[in-house]
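One-letter residues, chain by chain:
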Amino acid sequence: MTDKELLSMAKSASLNAYVPYSRFAVGAALECDDGTVFTGCNVENAALGSTICAERTACCKAVSEGHRSFVRIAIYADSQSWCTPCGACRQFLAEFSPDMEVLCAKSGGRYVSYKLSELLPHIFEY
Ligand code: THU
């Protein structure tokens, strides 16, 4: 699967975002080491701290289906700046695959690519 195809899946997933509070829809497409892709969107809640980001939705879908090794994640938002994962999502993904690739897109589909270890060096472990 190409980067563009994975980003396209992330964009499609953003259409399912439940965002009555922020109106900021995010989609993610998480590629596992066997090629399986799990998508996710952000799901907000009136108790704002209970909101789940698109990346963690995708990650929980994957782990709950028995997948724990990830190669890439594409993140899409219709925004002016690159949609990079929040700190909690960086730590959450690093739990499983600290060396995975992170594709961050913005409106129009242009994207930048990082290693997760660049975005979150020195992850918390014990
Ligand atoms: N959000 C994500 O889903 N992923 C990100 O990478 C950044 C933020 C969501 C959380 C909230 O629903 C909305 O975007 C605004 O913060």
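Please read these numbers as outputs of a predicted model, since none were measured by experiment. (Residues numbered from 1 in each chain as written. Predicted model: local features only at pLDDT ≥ 70, side-chain atom pairs only at ≥ 80, totals over all residues. Heavy atoms only, no water.)

Q: Which parts of the structure should I look at to understand the nonpolar core?
A: Across soluble globular proteins, nonpolar side chains show a tendency to be buried alongside one another. Of all hydrophobic cores here, the largest spans 21 residues; its most connected members are Leu30, Phe70, Ile73, Leu93, Met100 and Val102. Every element with two or more residues in this core is listed here: β1 (26-32), α2 (54-64), β3 (70-77), α3 (87-94), β4 (101-105) and α4 (116-119). (Core = buried A, V, L, I, M, F, W, Y, C linked by side-chain atoms within 4.5 Å. Buried < 20%, exposed > 50% of the residue type's maximum accessible area, 1.4 Å probe, protein only. Helix = DSSP H or I, 4+ residues; strand = E, 2+ residues; numbered from the N terminus.)

Q: Any chance you could explain the environment of glycine 40 here in plain terms?
A: Assignment of secondary structure puts glycine 40 in strand β2 (residues 37-41). Between the C-alpha atom of glycine 40 and that of alanine 62, which follows or precedes it by 22 residues, the distance is 9.9 Å. Sequence-distant contacts of glycine 40, that is, excluding residues within four places in its chain, are made with Ala13, Val26, Gly27, Ala28, Ala54, Thr57 and Ala58. (Contact = heavy atoms within 4.5 Å.)

Q: Help me understand the pattern of salt bridges, please; the structure alone is not making it clear to me.
A: A pair can form between side chains of opposite charge whenever their charged atoms are brought close. Per the stated rule, a full pass over the model turns up two salt bridges. Its salt-bridge partner being arginine 72, residue aspartate 3 comes within 2.6 Å of it at the nearest N-O pair. On the criterion of sequence distance, the pair formed by aspartate 3 in helix α1 (residues 3-14) and arginine 72 in strand β3 is long-range, its members being 69 residues apart. A salt bridge links arginine 72 to glutamate 31; its shortest N-O distance comes to 2.8 Å. Of this pair, arginine 72 sits in strand β3 while glutamate 31 sits in strand β1, placing them 41 residues apart in sequence. The same class applies to arginine 72 and to glutamate 31, which are both buried. (Salt bridge = Lys/Arg side-chain N within 4 Å of Asp/Glu carboxyl O.)

Q: Just to check I follow, could you spell out the sheet that holds β3 for this structure?
A: Pairing between the strands of a sheet is mediated by backbone hydrogen bonds and can be parallel or antiparallel. Read from one edge of the open sheet, five strands run β2-β1-β3-β4-β5, paired in mixed fashion. The two strands at the open ends of the sheet, each matched to only one other strand, are β2 and β5 (111-115). Neighbouring strand axes in the sheet, compared pairwise and without regard to direction, differ in orientation by 15 degrees on average. Of the pairings in the sheet, the one linking β3 to β4 comprises four bridges and is parallel in character. Among the inter-strand pairings, isoleucine 75 is bridged to a residue of β4, identified as cysteine 104. The strands that α1 touches are β1, β2, β3, β4 and β5; relative to β3, the one it contacts most, it runs at about 50 degrees. (Pairing = 2+ DSSP bridges. Axes fitted to C-alpha atoms, helices over the stretch in contact; angles between N-to-C directions.)

Scope: geometric values only; no functional claims are made or implied.
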